[in-house]
2 protein chains.
Amino acid sequence: MPTYKAPLRDMRFLLKDVFKAEAALSEVPYYTQNETHTADLADQILDEAARFASNVIQPLNMSGDAEGCTVADGVVKTPAGFKEAYKQYAAAGWTALDGDPEYGGQGVPHVIGNAVSEMMIAANIAWSMYPGLSHGAYTALKAYGDDATKNIYLPKLLAGEWTGTMCLTEPHCGTDLGLLRTKAVDNGDGSFSITGTKIFISAGEHDFTDNIVHLVLARIEGAPAGTKGISLFLVPKFNVNADGSLGERNGVVCASLEHKMGIKANATAVLNFDGAKGFLVGQPQKGMQAMFVMMNGARLGTGMQGLGLGEVAYQNALAYAKDRIQMRHEPRMDPAQPADPIIVHADVRRMLLTAKAYNEAARALTLWLSLSIDIEQHHPDAAKREEAADLVALMTPIAKAFMTDNGFTSTVLAQQVFGGHGYIKEWGMEQFVRDARIGQIYEGTNGIQALDLIGRKVLGDGGKKLQKLSGMLQAFIEENEGNEDLAPMLDALGKGAQQLGSLTMVVGQKAMQDQAEANAAAVDYLRYMGHVTYAYLFALMSKAALEGIAAGNDKDGFYKSKLQTAKFYYAKLFPETKALAATIKAGNETLAVDDVVFGIEREVVSA
Amino acid sequence: MPTYKAPLRDMRFLLKDVFKAEAALSEVPYYTQNETHTADLADQILDEAARFASNVIQPLNMSGDAEGCTVADGVVKTPAGFKEAYKQYAAAGWTALDGDPEYGGQGVPHVIGNAVSEMMIAANIAWSMYPGLSHGAYTALKAYGDDATKNIYLPKLLAGEWTGTMCLTEPHCGTDLGLLRTKAVDNGDGSFSITGTKIFISAGEHDFTDNIVHLVLARIEGAPAGTKGISLFLVPKFNVNADGSLGERNGVVCASLEHKMGIKANATAVLNFDGAKGFLVGQPQKGMQAMFVMMNGARLGTGMQGLGLGEVAYQNALAYAKDRIQMRHEPRMDPAQPADPIIVHADVRRMLLTAKAYNEAARALTLWLSLSIDIEQHHPDAAKREEAADLVALMTPIAKAFMTDNGFTSTVLAQQVFGGHGYIKEWGMEQFVRDARIGQIYEGTNGIQALDLIGRKVLGDGGKKLQKLSGMLQAFIEENEGNEDLAPMLDALGKGAQQLGSLTMVVGQKAMQDQAEANAAAVDYLRYMGHVTYAYLFALMSKAALEGIAAGNDKDGFYKSKLQTAKFYYAKLFPETKALAATIKAGNETLAVDDVVFGIEREVVSA
């Protein structure tokens, strides 16, 4: 059975040596007032979270997958031990960790909260989604709820007494929410009657808590078609009295659970709303805006699923590769054995290092963005908030798509290290692959992330956010000119960043003639920019590692290992950009094929 | 539920227009004497096979996955309908299709037999493995069995009355068969007593037939350690009397079945041999040689699993993409609908075309190699046999690894086209992904294939086989000089082939100093050569398509679609070679990292 040990040393390296989180957060009174900005507190929290992850929820990961969730008469049963683990998690205060102290939260920075989240995902992704979805609901309600609503619901969510969900998808619409049909009828008493069917609702029904708070996109009767006519509603499973106590059961029922490839221990519900009582969150017909507040956090959270699963898969593949003996390698590692541990073989190392490099860069991206979210939300200087917000907006689709794509790749490679045993359930590696696959699909498919990046985030503002990023990279390169150890990386990074600029120009100009040109380049463009981002982060990490070595602090070789991983990344993974540059330039020409290629007959009419 | 329609038109295009199979086979008396070389016969066989695949076994694919195989007291129950389908398959003569007429076979060329196999795999891979494994056992017995053995066993295998297996892997050894412990004790009566445990035995036990013929690698008492001491034995489940009737139960028992990620309807058995009666096949201590006869066919067969699953996944993704409406595209495809079919979107086309291109190239490679196997085995001209044998030897690892890697990618992309629905079992797409994953692992992992290619097939003969291939490509390019329609492809192909040569030199020279350099480059090298091979095959197919168009035979646009798929391949997939060239050149330097990267302490001793 797989094991998991939280990568605490790696996290501390990023927080302390690379991003200097305590110094950054000390500019933010929201954190300093409760002294939640300190590295000492972070250390304690991470230690404690690591224990919970490894000892409480990781042992439930395989049994949860085997048992799955069941539903009878609308009542969902989660796998053995899941409910008890959740109670323990809530009782220990983890659900309140980075919540606002005004509502009972502990006010810990998101950069720490997300480091904790990575551990929970790695230990048991299906379990982690129950509190994870609540966190999204908390965020949206906090941003758009009125005071009365916030005062009742936010403390319950932060205490973990209730959980939350996001109800967006319907059978006929996922990406294209403008098509949604769930309707809301104004009851005239401040409430609405919500009727419709929502599918793919993660953690949509369960037995963890007394109540569940559904955030539901619906169209108020008479509202316009399309996304402009959509509003966001709060629909509790049990109606809530003014004092916060539970009233009658509301008209929302779990009709069934989906049978899925993975994340089987999370209840993915079909929810029928039949005149359920709901309350408007935010302004009418501004539901998409509120939803995106929820989605942006969820997208980084989904990206982190790629990281968490990539990490746990890597750890177990590494252990297997050290233990499994098969074939010889010269010089022999252990002549007393009839063969050498497979880790001596170059291709096994290639697979392990690929996962290792993707994990370490993804962790760096996660914590960089999380720290930026802390700045964006709470820094007293508006200019710093805007700068951070721009970075988060630009990087969110990359964090979601690049991290889940690479995470999937990492789980597949880690499975491959096991040979035939990787295909057998008992070893647990195939579960990581199945669990990782969903990250590329939900919260907006990775193709949609790519359209968001190139269309909205890059071309949408005339390249301003991208230019800020390029400026940051350029400044870093110039600052470190003359650093001989970094020079080869900085050279490759500079060329990559420069080519990213020219590719953006090429695609942008073609897209002015034909929008399909941006769409055709989008996925490859996102991967290109993801690699430039990772190259920057590896250079940052290498710089910190070199400083650690120069200061004589590398007795155990940790910093050296960071440098070697960075060199591997530049030599073996970053060159994918060479292929991507070619396919981006190739554009839409070979995609805009005649329909005969697909055997379609169609009638085309201009809008 | 997914459907499957055999790509008959594509197969005929390859057999007739591209490889001109009838003409090639008409030089081979083995086929002409029974008139099994004709295109007419091929047409009839393919039509009939397509009906069987779609009507009989495809409807059992999802139910087989859900039900799986069970074992109690050594008796295995296969999923509902599987046994009956097999009886029907054997009764219709499919098990004898490309078998030798001397033993009751129909003597149909392998190029037709493998086209049929593709259909069976696509329709139901887990089912197809039962007759597939028999075919491997037939091949090895035919090559190495003595006459008495062949006379009894081969007709039974070809009639489908008995099935066969390959028993290689043991708990502590898969890749490294030299470590195997199963022992054979000479009984002095022409038989041996076989004792040991074999794992991962596909189709290792079932209820299809009265008997199962296990081909087992074991070490005769006193034989040397390592692969040199291994012999191959025939161990029937029931002992066989001299007249071919069944005797007593032999001492081989199914101890358990593996719980796997996919191919769940195939019984993957742990077999305990406890003094089972076995008979030597071929010479003592030459078991590896006999095993490789079986393995080479099995490797092409495994590659075809990537093709079959890529094809069926593509077909269903295409149907979904035409049907599912979501978001607008200008010009609008169907303004009467609230949105357009997702096939209009550039990235959906990219995903579909990727699978389509990989499938069509894989099918071309399969039929090219299969026809070459027919020549290798039966052509009267020894020089032609040797030429074909060299091509098959060189291309087998590419067929196995490149086709299964690309097949897995294709199933993942096809699943992605379905969005969230792709993750739900009912749609059947996630099964294709799970089923496709094993192809990259078994019959020698794809990493092992890469070592076989670069080590044994390319550098092992000083590049002779590779030079023959290069010569063939060069001749094709020269023959078609001045063909303006082909010129861009030939240009890219020529550059790719040239760079393949120079990369081979670079790696070969480094490997003379350090074997690890070849190992470090192996996987990327195999992908590079795979792409050059596919580029050649797309150029061949394009040439045939252009001839069809020029002859006025393209009313339905089929040839045009071939050309457009080839152009897509060159624009969007072949450029991966740019990245591969860089990573091949990067060599072993960043893989030969200090052990501190992986946290290993070790003692290194030279051999």
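Going by what an unreviewed UniProt entry lists, chain A is known as 3-methylmercaptopropionyl-CoA dehydrogenase and is assigned to Deinococcus ruber. Chain A has a UniProt comment under Sequence similarities (unreviewed entry) that states "Belongs to the acyl-CoA dehydrogenase family." On record in UniProt, under Cofactor (unreviewed entry), the comment for chain A is "FAD".

To continue, consider the overall build of chain A. What chain A contains, in helices and strands, is 19 helices and 11 strands. A compact globule built from 607 residues should have a C-alpha radius of gyration of about 25 Å, and chain A, at 24 Å, falls within 12% of that. Counting only C-alpha atoms, chain A reaches 75 × 55 × 55 Å along its principal axes. In chain A, which comprises 607 residues, the share counted as buried stands at 64%.

With that out of the way, let us pick up helix 9 (residues 147-159) of chain A. All names here are of chain A. Helix length check: helix 9, at 13 residues, gives a terminal C-alpha distance of 18 Å against a target of 18 Å (1.5 Å per residue), a fit within 8%. At Y153, helix 9 shows its largest kink, close to 30 degrees, and the proline P155 lies no more than four residues downstream. On its buried face, helix 9 sits against helix 8 (125-144), strand 3 (162-167), strand 6 (211-220), strand 7 (230-236) and strand 8 (238-240). The positive-phi residue at the C-terminal boundary of helix 9 is G160, with phi of around 75 degrees.

In this numbering, the UniProt entry assigns the feature "domain: Acyl-CoA dehydrogenase/oxidase C-terminal" (unreviewed entry) to residues 286-456 of chain A. When the span residues 286-456 of chain A is considered, its composition is 74% helix and 0% strand, and the gap between its end C-alpha atoms is 19 Å.

The next subject is the pattern of salt bridges. Residues and elements named next belong to chain A. Tallied over the full model, the rule gives 58 salt bridges over all chains. Here R350 and D347 are joined by a salt bridge, their closest N and O atoms 2.5 Å apart. One end of the pair, R350, and the other, D347, are both in helix 11 (residues 346-378), 3 residues apart, so they sit about a helical turn from each other. Exposure class is identical for R350 and D347. Each is buried.

It is worth spelling out the UniProt feature "domain: Acyl-CoA oxidase/dehydrogenase middle" (unreviewed entry) in chain A at this point. The UniProt feature table records "domain: Acyl-CoA oxidase/dehydrogenase middle" (unreviewed entry) at residues 166-274 of chain A. With 0% helix and 50% strand, residues 166-274 of chain A has end C-alpha atoms that lie 17 Å from one another.

The subject of this paragraph is the relation of the copies chain A and chain B. Each copy of the sequence occupies a distinct position, and chain A is placed on chain B by a rotation of 180 degrees and an axial shift of 0.0 Å, giving an RMSD of 0.0 Å. What we have between these two chains is a two-fold relation. Residue by residue, 100% of the interface of chain A is reproduced at the interface of chain B, so both copies engage with the same surface.

Turning next to the packing of aromatic side chains. As enumerated under the stated definition, the model contains 48 aromatic pairs over all chains in all. Aromatic pair F418(B) and W427(B): ring centres 5.6 Å apart, planes at 65 degrees, arrangement edge-to-face. The class of F418(B) is buried, set by a relative accessible area of 3%. Feature note: the residues F52(A), Y89(A), W94(A) and W127(A) constitute an aromatic cluster, connected by ring pairs. Positioned over the ring face of F408(A) is R437(A), at 5.7 Å from the centre of the ring. Between the NZ or CZ atom of R9(B) and the centre of the ring of Y559(B), over which it lies, the distance is 6.0 Å.

Attention shifts here to the interface of chain A and chain B. Contacts between the two partners involve 103 residues from chain A, matched on the other side by 103 residues from chain B. Carbon and sulfur atoms make up 62% of the area that chain A and chain B hide from each other, which totals about 8500 Å². Contact with chain B buries area across many residues of chain A, yet Y423(A), K572(A) and F598(A) alone supply 10% of it, more than any other trio. Applying the counting rule to chain A against chain B returns 2 salt bridges. At the junction of chain A and chain B, the tally comes to 44 residue pairs in polar contact (both at pLDDT 80 or more).

Residue and element names in this part refer to chain A. Along strand 7, 7 of the 7 residues are buried, which leaves the element largely enclosed by surrounding structure. Every second residue of strand 7 is oriented toward a common face, with I230, L232, L234 and P236 on one face and S231, F233 and V235 on the other, all of them buried. Looking at chain direction, strand 6 and strand 7 are connected through 7 bridges and run antiparallel. When the bridges of strand 7 are listed, H214 appears paired with V235. As judged from the 3 bridges shared by strand 7 and strand 11 (residues 268-281), these two strands associate in the antiparallel manner. Across the sheet, the residue bridging to F233 is L280, located in strand 11.

Most of the time, phi is negative for any residue but glycine, and the peptide bond is trans. Residue and element names in this part refer to chain A. Although it is not a glycine, D73 sits at a positive phi angle of roughly 50 degrees. With respect to the helices and strands, the residue D73 is situated in the loop between strand 1 (70-72) and strand 2 (75-77). Under the relative-accessibility criterion, D73 is labelled exposed at 84%.

This part is about helix 16 (residues 487-513) of chain A. Residues and elements named next belong to chain A. Here helix 16 contains 27 residues, and its C-alpha end-to-end distance of 40 Å stays within 8% of the 39 Å for a straight helix at 1.5 Å per residue. The complete set of buried residues in helix 16 reads M489, L490, L493, G494, G496, A497, L500, L503, T504, V507, G508 and A511. Each element contacted by the buried residues of helix 16 is listed here: helix 14 (446-458), helix 15 (464-479), helix 17 (515-550), helix 18 (558-573) and helix 19 (576-586).

This next bit is on the packing of helix 11 (residues 346-378) of chain B against helix 12 (residues 382-417) of chain B. Residue and element names in this part refer to chain B. Interaxial distance between helix 11 and helix 12 falls to 8 Å at its minimum, and their mutual angle equals 155 degrees. When the axes of helix 11 and helix 12 are compared, the pair comes out roughly antiparallel. Between helix 11 and helix 12 the crossing geometry is left-handed. Looking at the contact of helix 11 with helix 12, its residues break down into 21 nonpolar, 7 polar and 3 charged.

As a further point, take the pairing of strand 4 (residues 183-186) of chain A. Walk down a regular strand and you will see the side chains alternate between the two sheet faces. Residue and element names in this part refer to chain A. Pairing geometry for strand 4 and strand 5 (residues 192-202), over 4 bridges, is antiparallel. Counterpart to D186 in the pairing with strand 5 is F192. Counting the residues in the hairpin turn of strand 4 and strand 5 gives 5 residues, including G188, whose phi is positive at 80 degrees. Sheet analysis places strand 4 next to strand 6, joined by 2 bridges and oriented parallel. Bridging across to strand 6, K183 finds its partner in R219.

Here the focus is the side chain of T445(A). With respect to the helices and strands, T445(A) occurs in the loop between helix 13 (429-437) and helix 14. Judged by relative accessible area, T445(A) falls into the buried class, the value being 15%. With residues up to four places along the chain from it excluded, the contact list for T445(A) reads K400(A), Q440(A), Q416(B) and G419(B).

A few words now on the environment of I424(A). Relative to the assigned elements, I424(A) resides in the loop between helix 12 (382-417) and helix 13. By relative accessible area, I424(A) is classed as buried at 4%. The residues contacting I424(A), other than those within four sequence positions of it, are E430(A), F200(B), E258(B), H259(B) and K260(B).

Rules behind the numbers
Residues numbered from 1 in each chain as written. Chains lettered and ligands numbered in written order. Predicted model: local features only at pLDDT ≥ 70, side-chain atom pairs only at ≥ 80, totals over all residues. Heavy atoms only, no water. UniProt positions renumbered as here; feature names shortened; annotations may be inferred. Helix = DSSP H or I, 4+ residues; strand = E, 2+ residues; numbered from the N terminus. Rg over C-alpha atoms; globule rule 2.2 N^0.38 Å. Buried < 20%, exposed > 50% of the residue type's maximum accessible area, 1.4 Å probe, protein only. Expected span 1.5 Å × (residues − 1). Bend = angle between axes of the 7 residues up to and from the residue. Contact = heavy atoms within 4.5 Å. Salt bridge = Lys/Arg side-chain N within 4 Å of Asp/Glu carboxyl O. Least-squares fit on C-alpha atoms with pLDDT ≥ 70 in both. Phe/Tyr/Trp six-rings, centres within 6.5 Å; stacked < 30°, edge-to-face > 60°. Lys NZ or Arg CZ within 6 Å of the ring centre and 35° of its normal. Buried area = accessible area lost by both parts, 1.4 Å probe. Polar contact = N/O pair within 3.5 Å; in protein donor to acceptor, adjacent residues only side chain to side chain. Pairing = 2+ DSSP bridges. Axes fitted to C-alpha atoms, helices over the stretch in contact; angles between N-to-C directions. Parallel < 35°, antiparallel > 145°, perpendicular 65-115°, else oblique. Left-handed = near helix turned anticlockwise from the far one by under 90°. Nonpolar A, V, L, I, M, F, W, Y, C, P; charged D, E, K, R; others polar.

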